[in-house]
Amino acid sequence: MASNKRILLLVILFPFFAFANENKYIIYFKDKPFDSQLKNKFTPKAIAFRTKMNIPFDFRDDAVNANYIQNLQQLGCKILNQSNWLNAAMVSMNVDILSQIKSLQFISDIIPIHKTNTNGITAITIGDTCEAIQIPLTFEDNYTYSFAQEALVNGQYLHEQGFNGEGMDIAICDNGFYNANNNPAFTNIFSTNRILGTYDYVHNDSLVYDEQAGSHGAYCFSFIAGTLSNQYIGTATKSNFYLFHTENNSGERLQEEFNLATALERCSQLGVKVVSISLGYTTFDVPSENHDTSDMMKNDTPAAKAVNIAASKGILVCVAAGNEGTKPWHYISTPSDADSAFAIASVDVNGNPAASSGWGLATDPRVKPNIAAAGQSVNYINTAGNIATGSGTSFATPQIAGLSACLWQAFPAKTNWEIKTAIEQSASQYLTPDKKIGYGIPDFQKAYNILATSTFVSNNFLKDEITIYPNPFADKLTIEFKKNITVNRIKIFDNIGQEVFIQLAPTEFYLQLQNLPKGMYILQIDSDKGNFIKKIIKE
């Protein structure tokens, strides 16, 4: 009898020890084959969008090598997720086979995933239900609790013009969306079938509304889609939505970055135009795996790489700057650090910067954060359908994402980069950006007017002082200045926002551009008198 008990004990304990030796890793591959079936992964909407915007399908879209995946599985790896863009797989495996995996010739790197006790959510305080506000019955009455925060950026102007996000697909990448499917604030979304898809990248299923998944995503969703009669109107209530759960509440941060990369890739395949990310990552419990501040300028974290690729595929990616402003880290987090991320800082409804909002690095020549919106003591709709207050760059970000979608709806022929640039140009301190709120607080009416004009010029003084010719041009472009202007840099961006030319502290102003393909570009001149931006065309 005693022998049987010992056998039973071994049977019970063996799976536990086997599980205890399982660790998670991100495995990067050296190469991958051309994927002849590539477009089968994309919806007709996504293919039409890429065609319209002249965005190519390239090797980054090609699938991970299926033979590599099969080899890993045969050696005992459990495949948790794959990223074509990163050319990598996230796996769970017994540490005993790690050396064998490292010896495989097709592997370029293996990164361990360690647990952490913190999460990447960029909301810092959640308040109780607001007290009733007594105001006259005016236009503001329909917004009531959401009016001040939307009026700060003049977002209601777009709604007045009839742009509420109709036909625009927005994705939210966050933790869970608890009870969103039963929340009265989202009744109109669900009754009109405007949730186009959901996915939980943590558990590999489509269940994003359960309590265990979390509520932060639902709060952020309310800033865009929430509607309560005579109480609250979100920033893009007529849009379509994808809800993606990428944040692991148990705290495996590199896994979350990989989840986010995979979700962004899926957004591209679905034809999503705007993504809202209220997540940010800095340090881990294992110091060797920490990001450091120098990483915030390298674009080499998994999340930052994915955001840059997503932007190159035509997506406007709005990312919370993070709430490390009063903490030892102090600076923005990843992926808001990505070159192409639309990094959003936080202010209160009076425009005062939130102390908690992360700073841009002092040594970073880029403008980061890009802009700011209300995120300090702002109103949202909680999981019970009541008005509540909270703070954080998490809550500033979805407001900008929603209004950006409305602006893009008004100008559907514009690119993501043109939408982003117009919003930046409309901001309160565009000519004097700083490290706290970047270009400042945008004005969406001004952004609308900028896009409605034939050229983008950020400074009326420079418009009269700088001459660009010929435009259109063939191989060379000449820049002439009427007055003494010190030029710090000249940049040229293509129609999807990728930098294709840069000249620092130039002394000659005859640009040799014969290597550029034909098409439309944006010329940006940064000078001591301000910034000058103009469309140029190569024929």
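Our subject is the structure listed above.
Conventions used here
Residues numbered from 1 in each chain as written. Predicted model: local features only at pLDDT ≥ 70, side-chain atom pairs only at ≥ 80, totals over all residues. Heavy atoms only, no water. Axes fitted to C-alpha atoms, helices over the stretch in contact; angles between N-to-C directions. Helix = DSSP H or I, 4+ residues; strand = E, 2+ residues; numbered from the N terminus. Left-handed = near helix turned anticlockwise from the far one by under 90°. Contact = heavy atoms within 4.5 Å. Nonpolar A, V, L, I, M, F, W, Y, C, P; charged D, E, K, R; others polar. Phe/Tyr/Trp six-rings, centres within 6.5 Å; stacked < 30°, edge-to-face > 60°. Buried < 20%, exposed > 50% of the residue type's maximum accessible area, 1.4 Å probe, protein only. Lys NZ or Arg CZ within 6 Å of the ring centre and 35° of its normal. Pairing = 2+ DSSP bridges. Lys, Arg positive; Asp, Glu negative; His and termini not counted. Salt bridge = Lys/Arg side-chain N within 4 Å of Asp/Glu carboxyl O. 1 Å grid on protein atoms, 1.4 Å probe; cavity = no way out; pocket = protein on both sides within 12 Å on 5 of 7 lines; lining within 4 Å. Points joined across faces, edges and corners; volume = space filled by probe spheres on them.

Colleague: So what's going on with the packing of helix α11 (residues 393-410) against helix α12 (residues 416-425)? Which residues, and what values?
Modeller: Angle between the axes and distance between the axes are the two parameters that describe a pair of packed helices. Where α11 contacts α12, the axes come no closer than 10 Å and their chain directions differ by 115 degrees. You can see that α11 and α12 cross each other, and the crossing is right-handed. Together, S404, L407 and W408 of α11 and N416, I419 and I423 of α12 make up the contact between the two elements. Residues that form the contact of α11 with α12 fall into these classes: four nonpolar, two polar and no charged.

Colleague: Any details on the packing of aromatic side chains? Residues and values, ideally.
Modeller: On inspection of all chains with the given rule, the structure shows 22 aromatic pairs. A ring pair is formed by F29 and F106, whose centres lie 6.0 Å apart and whose planes are at 45 degrees; its orientation type is tilted. With F29 in strand β1 (residues 22-29) and F106 in the loop between α4 (98-102) and β4 (107-113), the pair connects residues that are 77 residues apart, well separated along the chain. F106 carries the same exposure label as F29, and that label is buried. Ring centres of Y199 and Y201 lie 4.7 Å apart, and the angle between their planes is 65 degrees; on these two criteria the pair is classed as edge-to-face. You can call Y199 partly exposed: its relative accessible area is 27%. Each member of the aromatic cluster is reached from another via a ring pair, and the members are Y157, F163, F411 and Y448. In this arrangement the basic side chain of R50 is found over the ring face of F57, its NZ or CZ atom lying 4.6 Å from the centre. The ring centre of W408 lies 5.5 Å from the NZ or CZ of K273, which sits over that ring.

Colleague: Explain unusual backbone geometry to me, using residue names and the numbers behind them.
Modeller: Following K368, the chain continues to P369 via a peptide bond in cis, the omega torsion being -5 degrees. In this model, N179 sits at a positive phi of 65 degrees, which is unusual for a non-glycine residue. Positionally, N179 belongs in the loop between β6 (169-174) and α7 (187-191). Not every positive phi belongs to a glycine, and N204 is a case in point at roughly 55 degrees. The topology assignment puts N204 in the loop between β7 (195-200) and α8 (216-225).

Colleague: I'd like to hear about the pairing of strand β12 (residues 316-320), residue by residue, with values.
Modeller: When you tally the buried positions in β12, you get five out of five residues, the bulk of the element. The sheet contact formed by strand β11 (residues 274-277) and β12 spans four bridges and is parallel. Considered in β12, the bridge of I277 is made with V319. Bridge count for β12 against strand β13 (residues 342-347) is three bridges, and the pairing is parallel. Residue pairing across strands places C318 opposite F342, the latter belonging to β13.

Colleague: Report on the sheet that holds β12, specifying residues and quantitative values.
Modeller: A sheet is described by the order of its strands in space; here seven strands give the open sequence β7-β10-β6-β11-β12-β13-β14, paired in parallel fashion. The open sheet has two free edges, formed respectively by β7 and β14 (371-374), since each of these has just one partner strand. Strand after strand, the sheet turns through a mean of 25 degrees between neighbouring axes, direction not considered. Pairing of β6 with β11 involves four bridges; the strand directions are parallel. Bridge pairing in β11 places C173 opposite I277.

Colleague: Describe the sheet that holds strand β17 (residues 466-469), naming the residues involved and giving the relevant values.
Modeller: Picture the strands of a sheet paired through backbone hydrogen bonds; they go either parallel or antiparallel. Strand order in the open sheet formed by three strands is β17-β18-β21, and the pairing between neighbours is antiparallel. Edge positions in the sheet fall to β17 and β21 (510-512), since each of these pairs with one other strand and no more. Between one strand and the next, the sheet's axes are offset by a mean angle of 20 degrees, whatever the strand orientation. Here four bridges tie β17 to strand β18 (residues 476-481), and the two strands are oriented antiparallel to one another. Paired with I468 across the two strands is I479, which belongs to β18.

Colleague: If you had to explain the side chain of E324 to someone new, which residues and values would you point to?
Modeller: Relative to the helices and strands, E324 is located in the loop between β12 and β13. It is K327 that comes nearest to the buried, bridge-free E324 among opposite-charge side chains, at 4.2 Å. If we skip the residues at most four places from it in the chain, E324 touches T282, W329, H330, Y331, S356 and G358.

Colleague: Talk me through the pattern of salt bridges; I want residue IDs and the actual numbers.
Modeller: This structure, assessed with the given rule, holds 11 salt bridges. A salt bridge links K45 to D169; its shortest N-O distance comes to 2.7 Å. Within this pair, whereas K45 is found in helix α2 (residues 44-53), its partner D169 is found in strand β6, the two being separated by 124 residues in sequence. For D169, a relative accessible area of 2% translates into the label buried. Residue D58 pairs with K313 through a salt bridge whose shortest N-O separation is 2.9 Å. Remark: K313 occurs in the loop between α10 (302-312) and β12 and D58 occurs in the loop between α2 and α3 (66-74); sequence separation between them is 255 residues. Judged by relative accessible area, which is 2%, K313 ranks as buried.

Colleague: Break down empty space enclosed by the protein for me, citing the residues and quoting the values.
Modeller: In this structure the tally under the stated criterion is three cavities of 30 Å³ or more. Each pocket or cavity is described by its volume, and for the largest cavity that value is around 40 Å³. F42, R50, R60, D61, N84, W85, E265, S268 and Q269 together form the lining of the largest cavity. For the lining of the largest cavity, the element with the most residues is helix α9 (residues 253-270), which contributes three residues. Of the residues that constitute the lining of the largest cavity, the class distribution is two nonpolar, three polar and four charged.

Shape is all these values report; function is a separate question.
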